[in-house]
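# Close look at the chain arrangement
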Amino acid sequence: MALENPFAGHELLSPTLSGETAAQLLHDRYARSGPMKPLGSHQDQNFLVDAPDGRFVLKISNPGFTRVGLEAQNAAMLHLASNSIDFRAPIPVPDVDGQLIGQTDDQGRTFDVRLVTFIDGNPLSDFDYLAPVVLQAHGSLAARAARALTDFNHPGLDRVLQWDCRHASDVVAALVGHVQDVALRDEVVRLTGQAQSELDKLSGELRMGVIHADVTDVNVVATVDSSGRPIPDGLIDFGDMLRTWIVSDVAVAAVSLTAHDFDRPLEITAEIVRGFHREYPLTDPEIDALWPLVVARAAACCVSSEQQAMLEPDNYYAEESRDSDWHIWASLRSISWKAATAALHEATAAQPSVGATTASASSQPSRQSFIDQTVSADPPVLDLSVQSDSLTPGSWQTAGELRRAIAGLLDSGHGFGRFNEGRLNPAGVSAVTTGAEIFAPAGTTINAPVDVHVVSVDADDDAMVLGAFDQWLRVSGLRATAAAGTQVQAGQPLGALMSSPSSSSLPDHLLVQVVSDPDECPPRVCDRASGWLPVVRDPSSFIGFQVAAPSPDAARLLDRRDSVLATTQEHYYVQPPRIERGWRHHLFDTDGRRYVDMVNNVAILGHSHPAVEQAVGRQLRLLNTNSRFHYEAMVAFSERLVDLLPESLDTVFLVSTGSEANEVALRLVRAATGAKDLVAVRSAYHGWTTATDEVSTSIADNPGAAADRPEWIHTVESPHTYRGRFRGADAGDRYADEAKQQLKDLQAKGRAIAGFIAEPVYGNAGGVLLPHGYLQQVYQAVRDVGGLCIADEVQVGYGRLGEYFWGFEQQGVIPDVVTMAKCTGNGVPVGAVVTTSAIAAAMEEQGSFFSSMGGSPVGAVAALAVLDTLETEQLQANARDVGSHLKKRLLELTDKHPLVGTVHGMGLYLGVELVRDRETLEPAADEALAICERLLDLGIIVQPTSDHMNVLKVKPPLCLDLASADQFVDALDRVLTAGW
Ligand code: PMP
């Protein structure tokens, strides 16, 4: 048997050539010289060589490896080079004698030596966080390598190698003695044995092939894409290549990449499987074998690195990899194999198979019920989902509140909780139920619903497992009276319901789960990625009626959306979560996951604010007409608005949206001046309607604006103090001077200016404050040529700036027309235009003004509720305080992360500008988008804006608290540190 066989007790000591010896070797054998740097290796010794004709790796092989094995590696690399592979791999370089393998002696030992070309880029091990696309690309690369090697053959491939997953349990048996911790050692032996027996069952069906067999993060080289993500596209170190089970490489990759996020081994494996499967479809037995292979591989890595660390106590690399291997082990060992396997099958399936009902269960309805039907004839099936209307906002913030709220929904203490339901929960985590709950008072007798066999009773967990038909029912929350091994007939008692612990978010209940294996012990609620949902079954038939919740399939809904909505009606995120609930500055997806909403400025008070909900609900019950009728709310709201504005602005038009408000404003200034020409700030956005679109030249919203702008629209330069031409203290004057000159030129050309429209804070650029004195000077210049000034307060007004209620106050100006919408109704469409009575009167010549929804009773009461709540909850002050804290913390990121160029804005209207270069200010747009995707993963909703789409727009509901502000900054810091 070859020396590579570890079971013979050989200990693989790495070669330890000195730098000088290696340089001499390079000179003598390969006629090259240049700077050399040692590269880490588990068992070989490698040097990176910077030679005049390129970069190479000098590889001094461990004497434990056979010559034929090295020949096989070389042949494989040449095979790949001669096949048109779409990834990069090294090529062996002949020595001065034309040989691909040479020899050298060092300290009395002889080593085989090779030189191969160096693959530029960074190994994936250099990157901390690996995004799903990266993991998939890794899987795909492994698959493409396996595919490219299918027609490769060499006598050195059939060998016994320590790293062959087929031999993992033998490796463990041989080396586990190095593990000092007895309990850990026993666990490794036990789980490896379990893996081996699973693999023995499947081995006949696992396809054999030549694979790289070491597709770890150190051997996969990546090229960083435009978003800053490392995309694996190079494969190095063919030292472990051999013929074995093809699927092994997925396990090798999975174990290695788990070190990048110890909390998510299964999700990582699933992504790798997705990538592999797309290129090289895996068979069902291969997927069945995968998790046992992952466990076996992880065990083999642990015992091997224990051995290596013992052999080389001074080898830092060996010690580090040992620690990492045990960390990987710890992250894998408690995952249910059944669930893991189900999750991996899901990763390759077109559709999720959640909540299946088995034929036998559905065809054998229960004859009795778990609880005595006479207690309550028709106990309610509760909706405790994210979309539950019974759980009022705020009633689920703590476990105690939720428990009381659910108890309040019960009918004489009885009711049912649904299976496969994403639950609102105080922790804000994905919480999909794996069974159904039967709520009943503690002490209630629990009966067998059908004839059952008591398989086991677990007193610690207050649970029992019952066999019925070909299923197993796991019932928890009872003190069992029936003993294990007994038969209990339908209707006969199993035990008595216990009270749920005081920390529980549920009132007393029996949990009923249907599992396909008596040893399975699914958690009550799970994350979809855990794989539990395909494992458990719908318990409806045992309960006696439908207790499965409708499935909220976000992906299917997206398909429906795509097929019915215009593509330009775009959505956030590549795979958007299905968001169906909001509360304050939080949003919830249908699985119960909570996100901090940093982007929704419309919900200025926070989502689902009870003041708005109650005002609107009441008004809808009473009346909803339109402004042609006579009712109070419209008047009261208009009076309130006028009171909030400078005295001259005393006349109100009510509309529904921002575009509509600006449309009215543009008509007003034209009507009042009799002129047609309009002036706007370049790259701004004012709406989508025809006239507002004409004055909007932001690229994302109106890409053709610069080219097809009508002759009566003129734009002045964006007064951008970060990217614009003028950035110093005098920027306001200089931009204003230019604008003044432009206005004069227009006048000289005989163009009559009706008005000028601008946001008082430059919104589309990402909340950039206008330079000092800018609007004062431009307003004056506009008025000098006979025009009127419109302040678009659609985004910035209403207290968002903290220091100021209106944006124009920050610039010290009084506009002639002010427009507002979006937040005005906290989501109920209502907007307004406020102007002077003289300007308003000019519209009279154009007939009457009527907007069907504008100022409707419902809109008006919502708008009043918003103004009231802004006051009672002191949200402007909160915007000031939390906003200044947030800006300070975000600015600190500029010291730490070169990508963060600056932070714009004030109050809760901020923009985090991401740049690739602080000098050139090259926008980091792709990075911004990718960072937003990663932040979603971390529970933060934020999106890019600006013409370059490189500014994270921060404009949350004004109720944002310090904790959530910190959560956002911490998450952003983490992403910028660990990658995205
Ligand atoms: N003006 C500004 C400054 C805006 O940001 C927007 C919307 N993004 C609008 C006007 C248009 O508002 P709406 O979408 O309500 O028509």
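Conventions we followed
- Residues numbered from 1 in each chain as written.
- Predicted model: local features only at pLDDT ≥ 70, side-chain atom pairs only at ≥ 80, totals over all residues.
- Heavy atoms only, no water.
- Helix = DSSP H or I, 4+ residues; strand = E, 2+ residues; numbered from the N terminus.
- Buried < 20%, exposed > 50% of the residue type's maximum accessible area, 1.4 Å probe, protein only.
- Contact = heavy atoms within 4.5 Å.
- Core = buried A, V, L, I, M, F, W, Y, C linked by side-chain atoms within 4.5 Å.
- Expected span 1.5 Å × (residues − 1).
- Near = heavy atom within 4 Å.
- Polar contact = N/O pair within 3.5 Å; in protein donor to acceptor, adjacent residues only side chain to side chain.
- Areas by Shrake-Rupley, 256 points an atom, 1.4 Å probe, with all protein chains shown as cover.
- Phe/Tyr/Trp six-rings, centres within 6.5 Å; stacked < 30°, edge-to-face > 60°.
- Lys NZ or Arg CZ within 6 Å of the ring centre and 35° of its normal.
- Lys, Arg positive; Asp, Glu negative; His and termini not counted.
- Salt bridge = Lys/Arg side-chain N within 4 Å of Asp/Glu carboxyl O.
- Axes fitted to C-alpha atoms, helices over the stretch in contact; angles between N-to-C directions.
- Parallel < 35°, antiparallel > 145°, perpendicular 65-115°, else oblique.
- Left-handed = near helix turned anticlockwise from the far one by under 90°.
- Nonpolar A, V, L, I, M, F, W, Y, C, P; charged D, E, K, R; others polar.
- Pairing = 2+ DSSP bridges.
- 1 Å grid on protein atoms, 1.4 Å probe; cavity = no way out; pocket = protein on both sides within 12 Å on 5 of 7 lines; lining within 4 Å.
- Points joined across faces, edges and corners; volume = space filled by probe spheres on them.
- pLDDT = per-residue confidence, 0-100.

### Topic: the overall build of the protein
- Tallying secondary structure elements over the protein gives 28 helices and 41 strands in all.
- For the C-alpha atoms alone, the extent of the protein along its principal axes is close to 100 × 90 × 45 Å.
- With 980 residues in all, the protein has 58% of them scored as buried.
- Of all intrachain contacts in the protein linking residues separated by at least 6 positions in sequence, the fraction that spans at least 24 positions is 74%.

### Structural notes on the nonpolar core
- Within the largest apolar cluster, 99 residues are counted, with the highest numbers of intra-cluster contacts made by F756, Y798, L870, L886, L890, F968 and L972.
- The element contributing the most residues to this core is helix 25 (residues 857-872), with ten residues.
- Core analysis: the next-biggest nonpolar cluster, separate from the first, contains 94 residues, A142, A143, C165 and V255 among them.

### Observations regarding helix 27 (residues 925-937)
- The end-to-end C-alpha distance of helix 27, which contains 13 residues, comes to 19 Å, matching closely the 18 Å that a straight helix rising 1.5 Å per residue would cover.
- Looking at helix 27, one finds that the buried residues are E927, A928, A930, I931, C932, R934, L935 and L936.
- Contacts from the buried residues of helix 27 go to strand 27 (594-597), strand 38 (909-914), strand 39 (940-941), strand 40 (943-945), strand 41 (951-954) and helix 28 (962-978).
- A positive backbone phi angle near 85° is found at G939, which sits one or two residues after helix 27.

### Regarding the site of the ligand
- Within the structure, the ligand sits among T657, G658, S659, N662, Y685, H686, G687, E759, D792, V794, Q795 and K822.
- Interatomic distance of 2.7 Å between a side-chain N/O atom of D792 and a nitrogen atom of the ligand.
- Here an oxygen atom of the ligand and a side-chain polar atom of Q795 are 2.8 Å apart.
- Considering the ligand on its own, with 390 Å² of exposed area, one finds that the protein chains cover 84% of that surface.

### Some points on the packing of aromatic side chains
- With the rule as written, the count across this model stands at 13 aromatic pairs.
- Between Y798 and W806, the aromatic rings sit 5.9 Å apart at their centres with planes inclined by 80°, giving edge-to-face as the arrangement. Exposure class is identical for Y798 and W806. Each is buried.
- The rings of Y798, F805, W806 and F808 are connected pair by pair, giving a single aromatic cluster.
- Above the plane of the ring of F850 lies R628, whose end atom (NZ or CZ) is 3.8 Å from the centre.
- When the ring centre of W712 is taken as origin, the NZ or CZ atom of K676, which lies over that ring, is 3.8 Å away.

### A look at the side chain of D589
- As for its placement among the helices and strands, D589 is situated in strand 26 (residues 586-589).
- The buried charged residue D589 lacks any salt bridge, with R593 as its nearest oppositely charged partner at 5.7 Å.
- The contact partners of D589, leaving out residues within four places of it in the chain, are V386, P577, R578, I579 and Y595.

### Some words on the packing of helix 7 (residues 265-279) against helix 8 (residues 284-311)
- Where helix 7 meets helix 8, the axes come as close as 12 Å, and the angle between the chain directions of the two elements is 125°. When the axis of helix 7 is compared with that of helix 8, the two are oblique. Helix-helix and strand crossings are classified by hand; for helix 7 and helix 8 the assignment is right-handed. Here P265, L266, T269 and V273 of helix 7 lie close against helix 8, whose contacting residues are L290, W291 and V294.
- By residue class, the composition of the contact of helix 7 with helix 8 is six nonpolar, one polar and no charged.

### Comments concerning unusual backbone geometry
- Backbone geometry places A31, a non-glycine residue, at a positive phi of 50°.
- Looking at A31, the relative accessible area reads 56%, which means it is exposed.
- One non-glycine residue, R584, lies in positive phi territory at about 55°.
- Within the secondary structure, R584 is located in the loop between strand 25 (579-583) and strand 26.

### Here's the deal with the sheet that holds strand 10 (residues 230-235)
- The sheet built from three strands is open, its strands ordered 7-9-10 with antiparallel pairing. On the outer flanks of this sheet lie strand 7 (122-123) and strand 10, each paired with one strand and no other.
- In terms of strand pairing, strand 9 (residues 220-224) meets strand 10 through five bridges, oriented antiparallel. When the bridges of strand 10 are listed, V221 appears paired with G234.
- In the packing of helix 3 (residues 132-148) onto the sheet, contacts are made with strand 9 and strand 10, and the angle to strand 10 comes to roughly 20°.

### Points about the pairing of strand 27
- Summarising the sheet, strand 26 and strand 27 pair through three bridges and their orientation is antiparallel. Looking across to strand 27, one finds that F588 is bridged to R594.
- Counting the residues between successive antiparallel strands, the hairpin from strand 26 to strand 27 contains four residues, one of them, G592, with a positive phi of roughly 100°.
- For strand 27 and strand 39, the ladder comprises two bridges, and the chain directions are parallel. Following the sheet pairing, D597 is matched in strand 39 by I941.

### What about empty space enclosed by the protein?
- As enumerated under the stated definition, the model contains four cavities of 30 Å³ or more in all.
- Put simply, the largest cavity is a space of about 50 Å³.
- Around the largest cavity, the lining residues are V681, A684, P719, A758, E759, Y762, L770 and Y774.
- Split into classes, the residues belonging to the lining of the largest cavity amount to seven nonpolar, no polar and one charged.
- A volume near 40 Å³ is recorded for the second largest cavity.
- What lines the second largest cavity is Q162, W163, D164, C165, A168, R297 and A300.
- Its residues assigned to classes, the lining of the second largest cavity comprises four nonpolar, one polar and two charged.

### Focus on the confidence of the model for the protein
- Summary statistics for the protein give a mean pLDDT of 94 and a share of 96% for residues scoring 70 or more.
- Contacts from residues 5-10, a stretch scored under 50 in pLDDT, to residues over four places away or in other chains number eleven contacts.
- pLDDT under 50 marks residues 356-363. Its contacts with residues more than four places away, or in other chains, come to 13 contacts.

### Some words on the side chain of R581
- Along the chain, R581 turns up in strand 25.
- Here R581 occupies a buried position and makes no salt bridge, while the nearest side chain of opposite charge, D389, is found at 5.9 Å.
- Separated by 2.8 Å, the side chain of R581 and the backbone oxygen of L391 make a polar contact.
- Once you skip the residues sitting within four places of it in the chain, R581 turns out to touch S385, V386, Q387, S388, L391, T392, P393, W396, L424, H586, L587 and F588.

### Comments concerning the pattern of salt bridges
- Summed over all chains, the structure comprises 49 salt bridges.
- D95 is the partner of R29 in a salt bridge, and the nearest nitrogen-oxygen pair spans 2.4 Å. Taken together, the positions of R29 in helix 1 (residues 19-30) and D95 in the loop between strand 4 (92-93) and strand 5 (102-106) put the pair 66 residues apart, joining distant regions of the chain.
- Here D95 falls in the buried class, since its relative accessible area comes to 7%.
- For R934, the salt bridge is made with D937, and the minimal N-O distance between the two is 2.8 Å. Within this pair, R934 and its partner D937 are both found in helix 27, separated by three residues, close to a single helical turn.
- The structure contains a network of salt bridges with shared partners spanning D383, R418, E421, R423, E437 and R524.

### Some thoughts on the sheet that holds strand 18 (residues 463-468)
- Taken in spatial order, the eight strands make up an open sheet running 12-13-15-23-19-18-17-21, and their pairing is mixed. Two strands in the sheet have a free side with no partner beyond their single neighbour: strand 12 (381-382) and strand 21 (487-488).
- Where strand 13 (residues 415-417) and strand 15 (residues 436-439) come together, three bridges link them in antiparallel fashion. Paired with G417 across the strands is E437, a residue of strand 15.

### Remarks on the environment of L70
- Mapped onto the secondary structure, L70 falls in helix 2 (residues 67-82).
- Residues L70 and R297 lie 227 residues apart in sequence; the distance between their C-alpha atoms is 23 Å.

### Some words on the packing of helix 4 (residues 168-175) against helix 8
- For the pair helix 4 and helix 8, interaxial distance at closest approach is 9 Å and the crossing angle is 30°. By the angle class used here, helix 4 and helix 8 are roughly parallel. Read as a crossing pair, helix 4 and helix 8 show a hand that is left-handed. Where helix 4 approaches helix 8, its residues A168, V171, V172 and L175 are matched on the opposing element by A296, A299, A300, V303, S304 and Q307.
- Of the residues contributing to the contact of helix 4 with helix 8, the split by class is eight nonpolar, two polar and no charged.

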